[in-house]
Amino acid sequence: MLVRLIYASRACEPISHELVDGILATARRHNPVNGVTGVLCHSEDVFVQALEGGRDQVNQLYARLLQDKRHKDVVLLCYEEIDVRRYSSWTMGKVRLDKVNRSLLLKYSCSGVLNPYDVSGCATVALLEELAETGAFAVRD
């Protein structure tokens, strides 16, 4: 059974390229073995991540992520059973949301800034889907 899990968190320190590259390197090393795919979005201080894969594998990964000291205020935005993966091409794609067109962020929120804590989980899911459709995710697999 396939599931999709999307969560948000706040970084414990400003998000740097080194931090994101380290997260992506770990994901790209471990996710293929576990059959997990997904995307990581971030601004200067907020992460949004979508994970897809087998129910056990995604839940085990999420449990480890809850213990990760690089972030706090972890909030589950969406968890659903899925028939097909949305992010099957990416062991872990990424997008820096403060570089995305402000009008796209305004489409799904009150301001042109990523704040998944102030919008519905459905709005965040729709934003991620539109980012995928427009090719906004950078991939280095």
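Basis of the calculations
Residues numbered from 1 in each chain as written. Predicted model: local features only at pLDDT ≥ 70, side-chain atom pairs only at ≥ 80, totals over all residues. Heavy atoms only, no water. Helix = DSSP H or I, 4+ residues; strand = E, 2+ residues; numbered from the N terminus. Rg over C-alpha atoms; globule rule 2.2 N^0.38 Å. Buried < 20%, exposed > 50% of the residue type's maximum accessible area, 1.4 Å probe, protein only. Areas by Shrake-Rupley, 256 points an atom, 1.4 Å probe, with all protein chains shown as cover. Lys, Arg positive; Asp, Glu negative; His and termini not counted. Charge placed at Lys NZ, Arg CZ, Asp CG, Glu CD. Expected span 1.5 Å × (residues − 1). Contact = heavy atoms within 4.5 Å. Pairing = 2+ DSSP bridges.

**Q** Is there a simple way to explain the overall build of the chain in this structure?
**A** Tallying secondary structure elements over the chain gives 4 helices and 5 strands in all. Each helix and strand of the chain, ordered N terminal to C terminal, gives the series β-α-β-β-α-β-β-α-α. Taken against the 2.2 N^0.38 rule, which gives 14 Å for 141 residues, the C-alpha radius of gyration of the chain at 14 Å falls within 12% of a compact globule. Seen through its principal axes, the chain has C-alpha atoms that stretch 35 × 35 × 25 Å. The 141 residues of the chain split such that 47% are buried. Working note: accessible area of the chain is about 7,400 Å², and carbon and sulfur atoms make up 50% of it. Of the charged side chains in the chain, 17 are positive and 18 negative; the average position of the first set lies 3 Å away from that of the second.

**Q** I would appreciate a short explanation of helix α2 (residues 55–66) in the present structure.
**A** In an α-helix, one full turn covers 3.6 residues, which means residues spaced three or four apart are oriented alike. Taking 1.5 Å as the rise per residue, α2 with 12 residues should run 16 Å; its terminal C-alpha atoms sit 16 Å apart, in good agreement. Tucked into the core, α2 has its buried residues touching β1 (2–11), α1 (17–34), β3 (46–54) and β4 (71–82).

**Q** Looking at this model, I keep getting lost on the pairing of β3. Mind explaining?
**A** In regular strands, side chains alternate between the two faces of the sheet. Of all 9 residues in β3, 9 are buried, a share of seventy percent or more. Relative to β3, β1 runs antiparallel, the two being bridged by 9 bridges. Each bridged residue has a counterpart across the sheet, and for serine 9 the counterpart in β3 is phenylalanine 47. Two elements, strand β2 (residues 37–42) and β3, share 6 bridges in a ladder whose sense is antiparallel. When the bridges of β3 are listed, glycine 38 appears paired with leucine 51. The antiparallel hairpin formed by β2 and β3 contains 3 residues in its connecting segment.

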